[in-house]
Structure formats: structure tokens, C-alpha cells
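Next come the chains, spelled out residue by residue.
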Amino acid sequence: MNRIAVIGAGPGGLTCARILQRHGIDVAVYDSDASATARDQGGTLDMHPDTGQHALRATGLWPGFTALARPEGEQMRLIARDGRILFDAAPPQDGQGNPEIDRGQLRDLLLGSLAPGTVRWGHKLERAEPLGDGRHRLHFAHGHSTETDLAVGADGAWSRVRRLLTDAVPLYTGVTFVETGLNDADTRHPALAALTGDGTMMVLDNNLGFIAQRNSGGHIRIYVGMRTPQDWHQQAGVDLTDPAAVRDALLHRFADWSPALRGFITDTDTGYTNRPLFALPVPHTWEPTPGVTLLGDAAHLMSPFSGMGANLAMRDGADLAQALTEHATVDDAVTAYEKILIPRSVEAAEGAAEGIDGAFAPDSAEQTLAHMTAHDEAH
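Draft legend 1. Summary view of the sheet that holds strand β7 (residues 119–120). Strand order in the open sheet formed by five strands is β7-β2-β1-β11-β17, and the pairing between neighbours is parallel. Of all strands in the sheet, those with a lone pairing partner are β7 and β17 (292–294), marking the two edges. Across two bridges, strand β2 (residues 27–30) lies against β7 in parallel orientation. Paired with Tyr 30 across the two strands is Arg 120, which belongs to β7.

Draft legend 2. Looking closely at the sheet that holds strand β8 (residues 125–132). Sheet architecture is open: three strands sit in the order β8-β9-β10, paired in antiparallel fashion. In this open sheet, the two edge strands, each paired with only one partner strand, are β8 and β10 (145–148). Ignoring strand direction, the axes of neighbouring strands in this sheet form an average angle of 20°. Here β8 pairs with strand β9 (residues 135–140) via six bridges, running antiparallel. Within the sheet, the bridge partner assigned to Glu 129 lies in β9 and is Arg 137.

Draft legend 3. Fine view of helix α1 (residues 11–22). The end-to-end C-alpha distance of α1 is 16 Å, a good match for the 16 Å that twelve residues give at a rise of 1.5 Å each. Counting buried residues along α1, ten of its twelve residues qualify, which places the element largely inside the surrounding structure. Along α1, the positions that sit buried rather than exposed are Pro 11, Gly 12, Gly 13, Leu 14, Thr 15, Cys 16, Ala 17, Arg 18, Ile 19 and Leu 20. Against the buried residues of α1 lie β1 (4–7), β2, α2 (49–59), α4 (103–112), β7 and α11 (309–326). Trailing α1 by a residue or two, Gly 24 shows a phi angle of about 75°, which is positive.

Draft legend 4. Structural view of helix α9 (residues 259–266). Within α9, the full set of buried residues consists of Leu 261, Gly 263, Phe 264 and Ile 265. Regarding α9, its N-cap is Ser 258, as a side-chain oxygen of that residue lies 3.1 Å from the backbone nitrogen of Ala 260 further along.

Draft legend 5. Looking closely at the packing of α1 against α11. Taken N-terminus to C-terminus, the directions of α1 and α11 make an angle of 30°; their axes are 7 Å apart at the nearest point. It follows that α1 is roughly parallel to α11 by the angle criterion. As α1 runs across α11, the sense of the crossing is right-handed. Here Pro 11, Gly 12, Thr 15, Cys 16, Ile 19 and Leu 20 of α1 lie close against α11, whose contacting residues are Ala 313, Met 314, Gly 317, Ala 318, Leu 320, Ala 321 and Leu 324. A breakdown of the residues in the contact of α1 with α11 according to their chemical character gives ten nonpolar, three polar and no charged.

Draft legend 6. Here's a closer look at the packing of α1 against α4. For the pair α1 and α4, interaxial distance at closest approach is 9 Å and the crossing angle is 20°. By the criterion of interaxial angle, the relationship of α1 to α4 is roughly parallel. Crossing geometry of α1 relative to α4 is assigned as left-handed. Seen from α1, the contacting residues are Pro 11, Leu 14 and Thr 15; seen from α4, they are Arg 103, Leu 106, Arg 107, Leu 110 and Leu 111. Partitioned by chemical class, the residues of the contact of α1 with α4 number five nonpolar, one polar and two charged.

Draft legend 7. Inspection of the side chain of Ser 113 at higher detail. Within the element layout of this structure, Ser 113 appears in the loop between α4 and β7. Within the local environment of Ser 113, its side chain forms a polar contact with the backbone oxygen of Leu 110, the two atoms lying 2.6 Å apart.

Each value, and the rule that gives it
- Residues numbered from 1 in each chain as written.
- Predicted model: local features only at pLDDT ≥ 70, side-chain atom pairs only at ≥ 80, totals over all residues.
- Heavy atoms only, no water.
- Pairing = 2+ DSSP bridges.
- Helix = DSSP H or I, 4+ residues; strand = E, 2+ residues; numbered from the N terminus.
- Axes fitted to C-alpha atoms, helices over the stretch in contact; angles between N-to-C directions.
- Expected span 1.5 Å × (residues − 1).
- Buried < 20%, exposed > 50% of the residue type's maximum accessible area, 1.4 Å probe, protein only.
- Contact = heavy atoms within 4.5 Å.
- Polar contact = N/O pair within 3.5 Å; in protein donor to acceptor, adjacent residues only side chain to side chain.
- Parallel < 35°, antiparallel > 145°, perpendicular 65-115°, else oblique.
- Left-handed = near helix turned anticlockwise from the far one by under 90°.
- Nonpolar A, V, L, I, M, F, W, Y, C, P; charged D, E, K, R; others polar.

The structure is reproduced here in C-alpha cells:
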């Protein structure tokens, strides 16, 4: 029996493991987090029919997903910097859309479907040592090591598995998000909740923007976006651990925006987290290498303006698992998988790069409205 090790317990790695187990194939998942609840899993995800939804059906977890999903979260709203609503698209009424789910809920659904002990928490990969014939010895931070016939790099943006295949590293996109949030929003922050609506609200203009997303449990997650040097806070003399200093610096940037919108900065319940956005160079490709492959952000890290990151990761995981069930050898399976993965990744990454460039540009308000209108008419 081939020993398969998935590095990273994100949606893509867990999807791969779940489908392998459904076919009776042994797999272990290694993750650097101390436990499933060690950190916040991030915001909401919209599951697309041909990627995320396809993967969920392949895992057999579609009923569990539909019980958690929020179709109303598909509402998309664009607001001008003076507070006027420019575009407001209601969710599809035919059930054919991209229903939303909190990232943490999706991960819990996948984790709960795996055999006990599948995920080895607290295993931070330090290096993967080639042993020949496609085998690798995985060395973890606490001294543990294990051998594997296939190392699957599902370990995200700063993947250590990727180093076996390519020297590519993520590059700063030129855009930084400062994340904040509102708790019990409809009660505590009714005006901002009304502006947000049931799904995602965006205000994008002249290299700046707000993105507010409904999550479950009354929470609204907010991203304050800026096209700015990565060290913007150092240039401004801002201590990122000082919430008042971060707030004041952001308010200065948005000084001529509607006071109602500036409430997304001032009315935080969660403080401020600086999140510079990175992406792998496009195209990101590699030569087939026995005993190792990539999926998700490790293979195709791109800006969130593609809306495709988690969806592609899950489709990657499903396609890799399916290939491993259909081919006689690991190498044949990986070769077949990568022939699908790499062209698909390049196309999506090109679209993501165009998306973030348009969203944070001098004429971003006009570009975004035109894009949303065209997309709505097409559907």
C-alpha cells in the first residue's frame, strides 16, 4: 500500500483525504496548528458549481453542506464612496448559484468526516528529504519524521513542499487589507449592517476600498483595502499593535469618504489585523517530480479577487484523489492530475491578477460597476 501524506489541513487537503478514505486508501494529514480550534479560519466562502460544489459532492458531504450554507449570502452590493448604492444583486432564486459557508464551518464538516486520528496536529514540516524512487522523509519541527511515497503539498502560501518542485515564492501584490469586524452587527451596529446587506458589500474607488462580508452568527467581517507599499505602517510611524494608531491612520486615508462608511473603520469589535496580499508569479509551473505534487495555494496562490482560492483547492484535492484511485501507479496518477491542474491554475491566476488590478486602480469604481453589471446581465 502506498503511503500518502497530505501536508496541510485546509479545505483542499481535507477534501483529498476524505475522498481517498472513501475509496479505502490510507492517508495521513499533517498540520502545524496545535488543534482544530487553534486559530480563526477566516471569512466566508462561496462554493462554485464546477469546483467547490463538485468537490463536496465527491466527498459525499453535500447534504451536510446544504444544511450549513447561506444562499442569501450571495447578495452582492456596490456602494459609492459618498454612500450611494450603485449596484445591488439579489441571490439567485433557483438554487443554482454559489451559496456561502463560513470557512470554519466547512473545515469542521470535512474534519468530522475523516477517520479518527487522520489529522496529526502540531506537525510543522521543516523539510522534505528525497530518498530516491519517489519516496521522501518528512522532517517535522518537534523531531518527528516519517517516510511517504507521495507528499501532497497542501501547505498554503509559504509551502515547504513546493521547494521540491520550484524556486517560486509569493510576491506582494501591491495591495494590503486591514481586517476588522463587527459582532452582533444587526443589534449593535444596525446602520452598518443595513449598508452591508445579507452578503458582500464593496466600496472601491481610487486605490482604496471597503469590503464587508456577512458571516454566520451575526458577525460582519470587514477588509479595509489600500494599494500601498507593504511597509505602509512603518512609513507612517504606526505601531500595528496600537489599535488607536491604526484607526487614525486609516481614517486619514479615507478622510474624504462618507462618514457612514468610515464607521467600518471606527466601530470595530475585533481590533485591526494587517494582511498584505501575496500571489505566486504567473504562470507558475514545474516539471513532474516522482512522489510529490501540490494543490491549492501551494500550487497557485492568487489574490482573493478571483473568488476561486478555496474552490480551486477543493477541486484540486478531489481531482488528485480521483486520479490516485484510477491509475496503477502514484506517478501515473500525479502526471494525469498535473495535466489538468496546471493549465487551470494559470488561467485562474491570470484572472485574479486582473481582478485585483482593476479593484485597486484610479478608476476602480467605474471598472467594478461595469464588471458587476456585465456579470449580472450574463446570468
